[in-house]
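# Remarks on the overall topology
The lines below spell out each chain.
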Amino acid sequence: MMGRIYMRSGGVAALILLLAACSSNDWQVRALPSDIAIGAALDNEPDLDLLHEINLQELPLVPIPKAVRPCCAFGNAQKVKVGPVPVPFFRYANTLAVDKVGPHAFEAGTFSFQKDAPNGSRGTENNGLMYTLRGGFIDLAHVRDTADNAIALFYRIYPQLGQQQTIKLPDEIGPRVIELSEFDLSHLTPRQRWETAAAISVRLAYFMAEAHEIAQWHGYRSWAPWSETVSAYSPEDLYSNMLGAKIALALINNNLAMSKDLYNQHMTQWFAATLNWLEPVSIEQTNALFDVIDGHWWDSNQPLPSKFMLLKRHYQLSDLQAPYLVPQSLAQNHEKWNEVAALFTSTQQAHNLSLSRIIHGVEIDSIATQKLIVADKFKQSFKHIPAELWQDGFTQADFYQISEYNQAQDELELQLFQQSETVEKALASKEQT
C-alpha cells in the first residue's frame, strides 16, 4: 500500500525506485563445457550423459533470499487486532483463485512486476490460500519461498559437490548454517552429480521451511510488532513447502533455472500447471470450506494475531507430507453444504509428497546438515524442552522431537485459554443479568 501511494506522489523518484526494484538481484548462470563434454558433443553418437560434464560460472552469485514472503494466516476474513485494540469493520481476506496467481518473482519484494512468459504480459505475484481436491489447502507464498531457496542452494552446492562447505543462512531464532561434508563422488556420472546436487538442495530448502515453523513457534517475527505464533505449524504450511521443493527439483533437472528471468518464467508455468493438476476449487468454494471448518480447524471469533485463532496444527515434521482434506462429514452438517456438495461427488484422492533421502547411493542427511543456534532472547521459549536437545544448537535430526514438546505445550496452553474464555463469558453473562 505504501509503495502505491509513494508512486502517485513521488514522480520521477518513484519511477527510479521501481526500476531499481525490478532489476536488482539479477543473476544468471553460464554452463562452461569441459573437454569431456566437447568430445561427447562432437562424437558421431554423442553420449548424452557426458554432455552434463560442465562447470557453472555464476554472474553474479544467486542470492539466498533474506526473508519469507508475507502471507497468510489460516482461515478467511479474519478479524484483526492491533495491540489490545480490535480493528472494527475490518476483515482480512486472503483466499485466491487459481487464475489470479500471477507471475513468479524470485525473492519477491514490494515490487514483483514480471512477465509470465517471454512474450507475455507483465503482472504482479499474488499470494494467498486456495483449496485443491488432491492437495487440500495450499499456501502459495510457502510454495514460492521453498522453490527460491532450493534454486539458490543448488548453485552453491553443485560447483563444490563432494567438498566440505559451509553455507550461511539468514538468522531467525539465532545463527544458522548448512554444513556439507566431504564425500566420494567418483562413482557418479556427470548427470548423476547434477541430480545429486539437486536432490540435496531441495531437501535442505525444505528443512529450512521446517526450521521456520519452529522459529515462529518460539517467537521469531518477520515484523517486530506482529506475533507469528498464529502461523506456527499451520496445517497447510509444510505440504506447500514440499510442493515448492518438488517443482524446483523438476526445474533444476530440466535446466530451466539458469537465469533469474528463465527461472521466473518457468516457475510461473510449472506452478500454475501444478495447481491445476491438484484440482483447485473456486475462490467461493475455498471460502465456503473455510466456513465449514470454522470452530474445528480455526476460530473466526479470535482476531489476528491471536495464537489460538488456529485450532488445528501439523507437528509431523518429516520428508513425507500428506495434505489435510476437509472431511465430508463436517461439510454435510454445515449450512454451506449446498455450495460445496459438488466437491464431494467423487472420492477425493489425497496426493502425498516425499523427498528422497538417498540419491545415487548418497545418503543426503549424513553429508548435509542444517544447524541452528538459539540466541539468548529466545532461550526462555525453550524452557519446556530438555536443554540437552537444543542448548548447544540443534539440527534437522532434532526437529521432530522439538515439535513434539511444542505440541504438548500447545495442548496445555489451549486448554487453559479455553477455560479462561469460558470463565470470561460466564462473568459477562452474569453482569448482563
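Reading the values: the criteria
Each residue is numbered by its place in its chain's sequence as written, counting from 1. Restriction of local features to residues with pLDDT of at least 70 applies here, the model being predicted, together with a cutoff of 80 or more for giving and counting side-chain atom pairs; totals for whole chains, interfaces and linings are based on all residues. As a rule here, side-chain values come from all non-hydrogen atoms in the structure, and water together with hydrogens is ignored. Only DSSP runs of H or I reaching four residues or more are called helices, and only runs of E reaching two or more are called strands; each is numbered from the N terminus. Every helix has an expected span of 1.5 Å times one less than the residues it contains. Burial classification: accessible surface area is computed with a 1.4 Å probe over protein chains only, and a residue below 20% of its type maximum counts as buried, one above 50% as exposed, and the rest as partly exposed. By definition, a salt bridge exists where a carboxyl oxygen of Asp or Glu is found within 4 Å of a side-chain nitrogen of Lys or Arg. In this analysis, the protein atoms alone were mapped onto a 1 Å grid. Cavities are point sets where a 1.4 Å probe fits without being able to get out; pockets are open sets with protein on both sides within 12 Å along at least five of seven lines; lining residues have an atom within 4 Å of a point. Grid points are joined across faces, edges and corners, and a volume is the space filled by probe spheres set on the points. The classification used treats Ala, Val, Leu, Ile, Met, Phe, Trp, Tyr, Cys and Pro as nonpolar, Asp, Glu, Lys and Arg as charged, and all other residues, Gly among them, as polar. A pair of strands is treated as paired once DSSP finds two or more bridges between them. The contact criterion used throughout is that any non-hydrogen atoms of two residues lie within 4.5 Å. Counting of polar contacts relies on pairs of N or O atoms within 3.5 Å, with two restrictions inside protein: one atom must be capable of donating a hydrogen and the other of accepting it, and residues adjacent in sequence are counted only when both atoms are side-chain atoms.

## Considerations on helix 6 (residues 237-253)
The terminal C-alpha atoms of helix 6, which comprises 17 residues, lie 25 Å apart, in line with the 24 Å expected from a rise of 1.5 Å per residue. Taking burial as the measure, the 17 residues of helix 6 include 14 buried ones, the bulk of the element. Looking one or two residues past helix 6, Asn255 carries a phi angle of roughly 55°, positive in sign.

## Some words on the pattern of salt bridges
This model, assessed by the stated rule, comprises 17 salt bridges. For Asp26, the salt bridge goes to Lys260, with nearest N and O atoms at 3.7 Å. Residue Asp26 is found in the loop between helix 2 (12-23) and strand 1 (29-33), and its partner Lys260 is found in helix 7 (residues 260-277); the two are separated by 234 residues along the sequence. Accessibility expressed as a relative area gives 40% for Asp26, which makes it partly exposed. With a relative accessible area of 7%, Lys260 lands in the buried category. One connected set of salt bridges, linked through shared partners, spans Arg69, Glu125, Arg144, Asp145 and Asp148.

## Considerations on the layout of surface pockets
Each pocket or cavity is described by its volume, and for the second largest pocket that value is around 290 Å³. Around the second largest pocket, the lining comprises 16 residues; the ones closest to its centre are Arg203, Phe207, Asp365, Gln396 and Ala397. Of all elements in the fold, only helix 5 (190-217) and helix 12 (399-432) reach the threshold of two or more residues within the lining of the second largest pocket. When residues of the lining of the second largest pocket are assigned to their parent elements, the largest contribution, three residues, is made by helix 5. Split into classes, the residues belonging to the lining of the second largest pocket amount to six nonpolar, four polar and six charged.

## A look at the pairing of strand 2 (residues 54-58)
Of the two faces of strand 2, the one holding Ile54, Leu56 and Glu58 is buried and the one holding Asn55 and Gln57 is not buried anywhere. Examined bridge by bridge, strand 1 and strand 2 share five bridges and lie antiparallel to one another. Residue pairing for strand 2: Pro33 is matched across the bridge by Ile54.

## Concerning empty space enclosed by the protein
Per the counting criterion, the structure on display carries two cavities of 30 Å³ or more. Reported here for the largest cavity is a volume of approximately 50 Å³. Lining the largest cavity, in full, are Gly135, Gly136, Phe137, Pro235, Glu236, Tyr239, Trp297, Pro323 and Tyr324. Per-class residue counts for the lining of the largest cavity are six nonpolar, two polar and one charged. When its volume is computed, the second largest cavity comes out at roughly 40 Å³. Within the lining of the second largest cavity, the residues separate by chemical class into four nonpolar, five polar and no charged.

## Quick word on the environment of Ser227
In this fold, Ser227 is placed in the loop between helix 5 and helix 6. Remark: the alpha-carbon pair of Ser227 and Gln216, spanning 11 residues in sequence, is separated by 8.3 Å. When near neighbours in sequence (up to four residues on either side) are disregarded, Ser227 contacts Arg221 and Pro305. Within polar-contact distance, the side chain of Ser227 engages the side chain of Thr229 at 3.1 Å.

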